[in-house]
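Commentary on secondary and tertiary structure
So the chains spell out like this:
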Amino acid sequence: MLKAKALFLDRDGVINHEINYLYRREDVRWVEGIVPLCLTAQSLGYKLVVVTNQAGIARGYYTEQDFHDLMAWMRTELAARGVTLDAVYFSPYHPEGLGEYKREHPDRKPGPGMMLRAAADLDLDLGHSILVGDRCSDIGAANAAVPPLSLRLRSFM
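Digging into helix α4 (residues 113-122)
- Within the sequence span of α4, burial applies to G113, M114, M115, A118 and A119.
- Among the structural elements, β1 (5-9), β2 (46-53), β3 (87-91), β4 (130-132) and α5 (136-145) are those in contact with the buried residues of α4.
- D123 sits one or two positions beyond α4 and adopts a positive phi of about 55°.

What to know about the packing of aromatic side chains
- This structure, assessed with the given rule, holds five aromatic pairs.
- Between Y93 and Y101, the ring centres sit 6.2 Å apart and the planes meet at 50°, which makes this aromatic pair tilted. The pair formed by Y93 and Y101 is uniform in burial state, with each residue classed as buried.
- Its guanidinium or amino end placed over the ring of Y93, R103 lies 4.4 Å from that ring's centre, counting from NZ or CZ.

So, the pairing of β1
- Within β1, four of the five residues are buried, which leaves it mostly tucked inside the rest of the structure.
- Crossover β1 to β2 through helix α1 (residues 34-43) is right-handed.
- Sheet analysis places β1 next to β4, joined by three bridges and oriented parallel. Within β4, the position partnered with L9 by the bridge is V132.

Quick look at the side chain of D138
- Along the polypeptide, D138 turns up in helix α5.
- A polar atom in the side chain of D138 sits 2.7 Å from the side chain of K109.
- In this view, D138 contacts D10, K109, L131 and G133; residues no more than four positions away in its chain are not counted.

Some thoughts on the pattern of salt bridges
- Considering all chains together, one arrives at ten salt bridges under this definition.
- The residue E26 makes a salt bridge to R24 at a minimum N-O spacing of 3.6 Å.
- According to the relative accessible area criterion, E26 is partly exposed, its value standing at 47%.
- Taken together, the salt bridges that share partners define one network made up of D10, K109 and D138.

Definitions and limits used
Residues numbered from 1 in each chain as written. Predicted model: local features only at pLDDT ≥ 70, side-chain atom pairs only at ≥ 80, totals over all residues. Heavy atoms only, no water. Buried < 20%, exposed > 50% of the residue type's maximum accessible area, 1.4 Å probe, protein only. Helix = DSSP H or I, 4+ residues; strand = E, 2+ residues; numbered from the N terminus. Contact = heavy atoms within 4.5 Å. Phe/Tyr/Trp six-rings, centres within 6.5 Å; stacked < 30°, edge-to-face > 60°. Lys NZ or Arg CZ within 6 Å of the ring centre and 35° of its normal. Right-handed = clockwise from strand over helix to strand, strands pointing away. Pairing = 2+ DSSP bridges. Polar contact = N/O pair within 3.5 Å; in protein donor to acceptor, adjacent residues only side chain to side chain. Salt bridge = Lys/Arg side-chain N within 4 Å of Asp/Glu carboxyl O.

Any functional reading would require information that these geometric values do not contain.
Structure (structure tokens):
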């Protein structure tokens, strides 16, 4: 049986415009073209997977519950436009964070942890998947998720 392919999407700067430490829905500004991109990917059989660093949690600017509440709202808004997110992975860790969140973690991009977990959870073929990001750490995560000699996971900034 063939494994699924995914369109991995960073959140801030790709799905919504970058606003430092976004956690309130009234601050969300959608990136133009994100809905048509997602609809096209879905029509081609790609699973839509969000992979996002959330240093604002580590720094105490908002809570994990704030993040989940915003993502639930974003999923509802996207669903109203025909877009279904198959999964959302986030990293609340940062080396300059507070308490339990103050640490390096393989989920924090450029680490590949979120993408590798998604591959296992959703039975994904990373070699035929695509990542859309807006930072070098996104590219680093894609490169770390697939060995360079067989690199087929493509990244776009």
